[in-house]
Amino acid sequence: MKDRYLAGSKIRAVGSLPAACIFLISKTDCLYLGKLAVDPARRGLGQARQRVDLAAERARGLGLSALELQRKVELVENHRRFDRLGCIKTAEGAYPGCSRVTGITMRVTL
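Read on for an overview of the structure. Per chain, the residues get numbers from 1 upward, laid out in the order the sequence is written. In view of the model being predicted, local features appear only for residues whose pLDDT reaches at least 70, and side-chain atom pairs are presented and counted only at 80 or more, with totals across whole chains, interfaces and linings using the full set of residues. No hydrogens and no water enter the side-chain calculation; it runs on all heavy atoms of the structure.

1. Considering the side chain of Thr105
(1) Moving on: Helix and strand labels come from DSSP, where a helix needs a run of H or I of at least four residues and a strand needs a run of E of at least two; each type is numbered from the N terminus. Along the chain, Thr105 turns up in strand S7 (residues 103–109).
(2) Moving on: In contact with Thr105, other than residues within four places in its own chain, are Glu68, Leu69, Gln70, Ile88, Lys89, Thr90 and Ala91. Contacts between residues were defined by any pair of non-hydrogen atoms, one from each residue, lying within 4.5 Å.

So this is what it looks like as C-alpha cells:
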C-alpha cells in the first residue's frame, strides 16, 4: 500500500488503480465521510467496510466520536449497505430548487 500526500491531505492507493476511495473532512463534532466509492469489479469484497473502518480509526485518533455521511435518495441499493454499517438517519435535505428530498444525512456513533 502506498501513501501519497497532496496539499496536507493523505491519499492511499493500492496498485495502479484504487479499489475504493473516500474523502474525509474533520468537522467540529464528527468526521465527515464523503464520496465513498468502490470499483464495480471489487464490490462485495469488503472494500467499503474497510474504508469506513479506516475513517472510524481516524475519527477516534482526532478525538471524534461519530462519522457522518450523506446518501442520495435515488441510490436505493446503497440504503441497505449503509444500514448494515450502523448508519442512523439524522436529517433529510434537498438540492436547491428541488421540492422533494434528495439526500439523507446519516451518522455512525463510534
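2. A few points about the pairing of strand S5 (residues 66–72)
(1) Moving on: Each residue is placed in one exposure class: buried if its accessible area under a 1.4 Å probe, protein chains only, is under 20% of its type's maximum, exposed if it is over 50%, and partly exposed if it falls in between. Most of S5 is tucked away: 5 of the 7 residues are buried.
(2) Moving on: As a crossover connection, the stretch from strand S4 (residues 31–38) through helix H1 (residues 47–61) into S5 is right-handed.
(3) Moving on: Two strands pair if DSSP finds at least two bridges between them. Inspection of the sheet shows S5 paired to S7 by 7 bridges, in the antiparallel sense. Within S7, the residue paired with Gln70 across the bridge is Thr105. By the criterion used throughout, a crossover qualifies as right-handed when its path from the first strand across the helix to the second strand runs clockwise, the strands pointing away from the viewer.

3. As for the sheet that holds strand S3 (residues 20–26)
(1) Moving on: Ordered by their spatial adjacency, 5 strands build an open sheet running S3-S4-S5-S7-S6, and the pairing between neighbours is mixed. At either margin of the open sheet sits one strand with a lone partner, and together these are S3 and strand S6 (88–93). Taken over all neighbouring pairs, the strand axes of this sheet differ in orientation by 25° on average, direction set aside.
(2) Moving on: The strands that H1 touches are S3, S4 and S5; relative to S4, the one it contacts most, it runs at about 160°.
(3) Moving on: The angle between two axes is taken between their N-to-C directions and runs from 0 to 180 degrees, where each axis is a line fitted to C-alpha atoms and a helix contributes only its stretch in contact. Set on the sheet, helix H2 (residues 76–84) makes contact with S4, S5 and S7; between it and S5 the angle comes to about 170°.

4. Description of the nonpolar core
(1) Moving on: Counting residues in hydrophobic clusters, the biggest one holds 16 residues, and the most contacted among them are Leu31, Leu33, Ala55, Leu67, Leu69 and Cys87.
(2) Moving on: For this core, the secondary structure elements donating two or more residues are S4, H1, S5 and S7.
(3) Moving on: Broken down by element, the residue count for this core peaks at 4 residues, all from H1.
(4) Moving on: Beyond its immediate stretch of four places on either side in the chain, Ala55 contacts Ile22, Leu24, Leu31, Leu33 and Leu67. Residues belong to a common nonpolar core when they are buried Ala, Val, Leu, Ile, Met, Phe, Trp, Tyr or Cys residues joined through side-chain atoms within 4.5 Å.

5. Concerning a positive patch on the surface
(1) Moving on: In this scheme, patches are assembled from residues that exceed 30% relative accessible area and form no salt bridge. Like charges are connected within 9 Å, while nonpolar side chains (Val, Leu, Ile, Met, Phe, Trp, Tyr) are connected within 5 Å. Method for areas: the Shrake-Rupley scheme with a 1.4 Å probe, in which residue coverage is limited to the protein chains shown. A carboxyl oxygen of Asp or Glu within 4 Å of a side-chain nitrogen of Lys or Arg is what we treat as a salt bridge. For the purpose of counting charges, residues Lys and Arg are taken to be positive, whereas Asp and Glu are taken to be negative. His and the chain ends are not included. By convention, charge coordinates are those of NZ in Lys, CZ in Arg, CG in Asp, or CD in Glu. A surface patch of positive charge is lined by Arg43, Arg80, Arg81 and Arg84.
(2) Moving on: Mapping Arg80 onto the fold places it in helix H2.
(3) Moving on: For Arg80, a relative accessible area of 56% puts it in the exposed group.

6. Things to note about the pattern of salt bridges
Proximity of charged atoms lets side chains of opposite charge pair with each other.
(1) Moving on: A complete count under the given rule lists 6 salt bridges for this structure.
(2) Moving on: A salt bridge links Glu68 to Lys27; its shortest N-O distance comes to 2.6 Å. Placement of the pair is Glu68 in strand S5 and Lys27 in the loop between S3 and S4, with a sequence separation of 41 residues.
(3) Moving on: Look at Glu68 and you get buried, because its relative accessible area is 11%.
(4) Moving on: Relative accessible area serves as the criterion here: at 37%, Lys27 is assigned to the partly exposed category.
(5) Moving on: Between Asp29 and Arg107 there is a salt bridge, and its shortest N-O distance comes to 3.0 Å.

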